[in-house]
Amino acid sequence: MQETTPLVVGIDVGGTKTHLRACAGDALVADHVRTSSGWRPHDPVAAAGWLAALVADALPTGARPSALALGGHACETPRQCTQIRTALQLHFDAPALVVGDAELLVPTAGLDKGVGLVAGTGSVAVGRLADGTPVQVGGWGAVLGDEGGAAGLVREAARAVWAAHDCGEEPDALALGLLDAFGVAEVPALGAALESAKDISAEWGRHAPVVFAAAETGSPLARAVIDEGGRALAALVALLAARGVAVDDVVVAGSTVLAQPLLYDAFTSALADRVPGARPQPLARPPVEGAVALARSLL
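Everything numeric in this text was worked out from a predicted model, so none of it was measured. (Residues numbered from 1 in each chain as written. Predicted model: local features only at pLDDT ≥ 70, side-chain atom pairs only at ≥ 80, totals over all residues. Heavy atoms only, no water.)

A. Structural context of helix H2 (residues 78–88). Every buried residue of H2 is accounted for by Gln80, Cys81, Ile84, Ala87 and Leu88. All buried residues of H2 project into a common sector of 125° when viewed along the axis, lining one side. Considering only its buried residues, H2 is in contact with helix H1 (44–58), strand S4 (67–72) and strand S5 (96–100). (Buried < 20%, exposed > 50% of the residue type's maximum accessible area, 1.4 Å probe, protein only. Helix = DSSP H or I, 4+ residues; strand = E, 2+ residues; numbered from the N terminus. Arc of directions from axis to C-beta. Contact = heavy atoms within 4.5 Å.)

Okay, structure coming up:
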């Protein structure tokens, strides 16, 4: 690498793993994946220190970034992102940009504007106004929101099963699947089982395959839960459109929606009804590419 070649660093800090990619021109300098253990986005100083150590580990000895951009899991507000970026200036004498991880989707797809929609364990949608102001809708965690994400689907599946039980119906495939997944013998016991979770999003979300399996076997309850999840995801895009975000392109990512055709189809069908003309597209490349693109834009 020549000294005059700018070194750009892009980082995708996910909830489980972190991916760093560094490039000098067209040359790949580093491509590093590690766990996200220790990432503390609500402590800007700690987050910046964690990122600085990551960059030092990944880059060749003595290499210094000319620009750095990262999308961070749980970076939920512009104020929070600005605080982390400010703290990064203590470690790097280079321009830096910090955004939420969902904001990497649009640049990863090679687009200048559009919506990034994530439905993994949770769900969120992001976009920007014409003046560049970021807008985020959805999320809010598994207890209150995250509709269409894995944990939210399990929550709504439990509610559907309880409602059927209250109507005197016998447990169907969805109910039996949830009973087995949570290790309880009867529908009323599901409440205590869900409430006992220490990490609600993770512990509820890992049972989402039960909902899809029940739908595949013909459970009307499960299918209704999935269809409603798809409508909830489409509603996030509609909210962004109502707030003035360009929604012509919707880049979709997340381990739940991309792995489950029933949910993806429910989402695209609802999107066609709620936001005619919006073009959904599954993310086909790693989000770290969007971070690299954002870093290049800082030069």
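So much for the structure itself; the text now carries on.
B. Summary view of the environment of alanine 222. Structurally, the position occupied by alanine 222 is in helix H10 (residues 220–242). Looking at alanine 222, the relative accessible area reads 0%, which means it is buried. Considered as a pair, alanine 222 and alanine 173 are 49 residues apart in the sequence and their alpha carbons are 8.4 Å apart. Beyond its immediate chain neighbours, meaning those up to four positions away, alanine 222 contacts Leu174, Val211, Ala214 and Ala215.

C. Structural detail: the side chain of aspartate 146. Tracing the backbone through its elements, the reader meets aspartate 146 in the loop between helix H4 (141–144) and helix H5 (150–166). The buried charged residue aspartate 146 lacks any salt bridge, with arginine 155 as its nearest oppositely charged partner at 6.6 Å. Excluding anything up to four places from it in sequence, aspartate 146 contacts Gly122, Ser123, Gly139, Trp140, Gly141 and Gly152. (Lys, Arg positive; Asp, Glu negative; His and termini not counted. Salt bridge = Lys/Arg side-chain N within 4 Å of Asp/Glu carboxyl O.)

D. Local environment of a nonpolar patch on the surface. On the surface, a cluster of nonpolar side chains totalling about 430 Å² of accessible area is made up of Trp140, Val143 and Leu144. Here valine 143 lies in helix H4. (Patch = residues over 30% accessible without salt bridge, like charges linked within 9 Å, V, L, I, M, F, W, Y side chains within 5 Å. Areas by Shrake-Rupley, 256 points an atom, 1.4 Å probe, with all protein chains shown as cover.)

E. Summary view of the sheet that holds strand S7 (residues 123–128). One open sheet holds the five strands; their spatial order is S8-S7-S6-S9-S10, and the pairing between them is mixed. Strands with a single pairing partner mark the edges of an open sheet, and in this sheet they are strand S8 (134–138) and strand S10 (279–282). Pairwise comparison of adjacent strand axes, ignoring direction, gives a mean angle of 20° for this sheet. Where H10 meets the sheet, it contacts strand S6 (115–119), S7, S8 and strand S9 (249–253), and its direction lies at approximately 20° from that of S7. Against the sheet, helix H11 (residues 261–274) engages S6, S9 and S10, with an angle of about 160° to S10. (Pairing = 2+ DSSP bridges. Axes fitted to C-alpha atoms, helices over the stretch in contact; angles between N-to-C directions.)

By themselves these figures say nothing about function.
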